[in-house]
Amino acid sequence: MVPVLAQMERYGVKVDRDTLSRMSNAFAQKMAGLEAEIHEVVGHPFNVGSPKQLGEILFEEMGLEGGKKGKTGAYATGADVLEDLATEHTLPGLVLDWRQLSKLKSTYTDALQDHINKETGRVHTSYSITGASTGRLASTDPNLQNIPIRSEEGRRIREAFVAEEGKVLIALDYSQIELRLLAHIADLPALKQAFADGQDIHAMTASEMFDVPLDQMTPEIRRQAKAINFGVIYGISGFGLARNLRIPRAEAQGFIDRYFERFPGIRTYMDDTKAFAKEHGYVQTLFGRKIHTPEIASKGPRAGFAARAAINAPIQGTAADVIRRAMIRMPAAIEGMPAKMLLQVHDELLFEVDKGAEDDLINAARDVMENASDPVVKLDVKLTVDAGTGANWAQAH
DNA sequence: AGTGCAGGCCAC
DNA sequence: AAACGTGGCCTGCACT
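Summarised in this report is the structure supplied together with it. (Residues numbered from 1 in each chain as written. Chains lettered and ligands numbered in written order. Predicted model: local features only at pLDDT ≥ 70, side-chain atom pairs only at ≥ 80, totals over all residues. Heavy atoms only, no water.)

### Examining the environment of Arg156
Argument step 1. Take Arg156: it is sitting in the loop between α6 (152-155) and β5 (161-162).
Argument step 2. By relative accessible area, Arg156 is classed as partly exposed at 46%.
Argument step 3. C-alpha separation for the pair Arg156 and Gln395, spaced 239 residues apart in sequence, amounts to 9.8 Å. (Helix = DSSP H or I, 4+ residues; strand = E, 2+ residues; numbered from the N terminus. Buried < 20%, exposed > 50% of the residue type's maximum accessible area, 1.4 Å probe, protein only.)

What follows is the structure in structure tokens.
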């Protein structure tokens, strides 16, 4: 019996070189145009890809306000800084566009071509089972767990991940698994009920927090609640939420206080988890796997990082346990089917399946994934899995 | 020419 | 004192 991870590495995923090559050329053209425009705005040529040079141009040559230097004495020119500056000047927006294309070209359309195996025509990533402290896998050479999806431009890179002739790709992903596990672990009745009722979870949170009826929900209020939901999983702070939502810190802290009021289990969970970590030097997933937290006793800035990591670890770690249990059971569950499990992306499994066998695979794989915690852990919240099918990874989502 | 870090940015 | 968790890869740059 070949171990699951080794099987996946051997199968690999088919990647179409021509698609990547065409996209790469298109990116190069657009970058050249932007670069010329950027040099014109600045008045002289420079290396657009050098944050150091850009910072000096923005904050010294051009004299824009708000330049902040980091530890190394260089001005910060990250996307958040440039987005703020974009209201003052045309240059930052142009640089942001250039950087997006540069990232997509260098890291994806160019680098992925170099990873296509000559014999198989496929890309074979490597998975490290000890790659992340929480128990997640880590993918390297190439990392196939960070292929773009959020931006329209980037998402198209997934069109190069294709099924062979006569086959399709099928993506199955857990819906909101970490929030569901949070509802169970922190014992949040309102959240559990919302999942049981199949509600829009961020809208429900917004409704509870801001006293807005669901039928009067606005996208903006929902967006704020979504940011808070994610923040809670990560061990939220008023400062961090303020930065994310771009609102005053006092207002962000007010949101958090309100959240704790409406979902009191959250505060108990956070306090209990920190106390447990301090006493034992580790925290645990629902399955009893230990995640060591040696820095929990630190003083200074490290203390905050360690506390947030300890709060996040049981949630992220339990999700990692769940999908790993599913992966281990998968070969037996799909035995005899013309289907191969190709990739894992934390809450998603990607399969390549003969046309005609889609429904069988989805039924079998979904059943394994949704029940992966059985029989060791009985969850108060059902795990649900969304499925998509297509000729490429973009369509399968 | 190789090495390692910093800054930046992609994913969940 | 820093400021939301887990990762990996790319370029620039300083260094040997």
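### Brief notes about the layout of surface pockets
A water-sized probe, rolled over the atoms, reveals where empty space remains.
Argument step 1. Taken as a whole, the largest pocket holds about 1600 Å³ of empty space.
Argument step 2. If you trace the largest pocket, you find 40 residues lining it, with Ile149, Arg150, Phe230, Tyr234 and Asp347 closest to the centre.
Argument step 3. Mapped by element, the contributors of at least two residues to the lining of the largest pocket are α4 (79-85), β6 (167-174), α7 (177-185), α10 (219-233) and α14 (301-333).
Argument step 4. In terms of residues, the lining of the largest pocket owes the most to one element, α14, which gives five residues. (1 Å grid on protein atoms, 1.4 Å probe; cavity = no way out; pocket = protein on both sides within 12 Å on 5 of 7 lines; lining within 4 Å. Points joined across faces, edges and corners; volume = space filled by probe spheres on them.)

### Section: the packing of aromatic side chains
Argument step 1. In the structure shown here, the tally under the stated rule is five aromatic pairs.
Argument step 2. Here Phe210 and Phe255 contribute two aromatic rings whose centre-to-centre distance is 5.1 Å and whose plane-to-plane angle is 75°, an arrangement assigned as edge-to-face. Placement of Phe210 in helix α9 (residues 201-210) and of Phe255 in helix α12 (residues 249-262) is noted, with a sequence separation of 45 residues between them.
Argument step 3. With centroids separated by 4.9 Å and ring planes inclined at 45°, the aromatic side chains of Tyr259 and Phe263 adopt a geometry described as tilted.
Argument step 4. Taking the relative accessible area as the measure of exposure, Phe263 reaches 3% and is therefore buried.
Argument step 5. Over the aromatic face of Tyr75 sits the side chain of Lys69, whose NZ or CZ is 5.0 Å from the ring centroid.
Argument step 6. Arg308 extends its terminal NZ or CZ atom over the ring of Phe305, reaching a point 4.9 Å from the ring centre. (Phe/Tyr/Trp six-rings, centres within 6.5 Å; stacked < 30°, edge-to-face > 60°. Lys NZ or Arg CZ within 6 Å of the ring centre and 35° of its normal.)

Remember, this is a structural readout, not a statement about activity or role.
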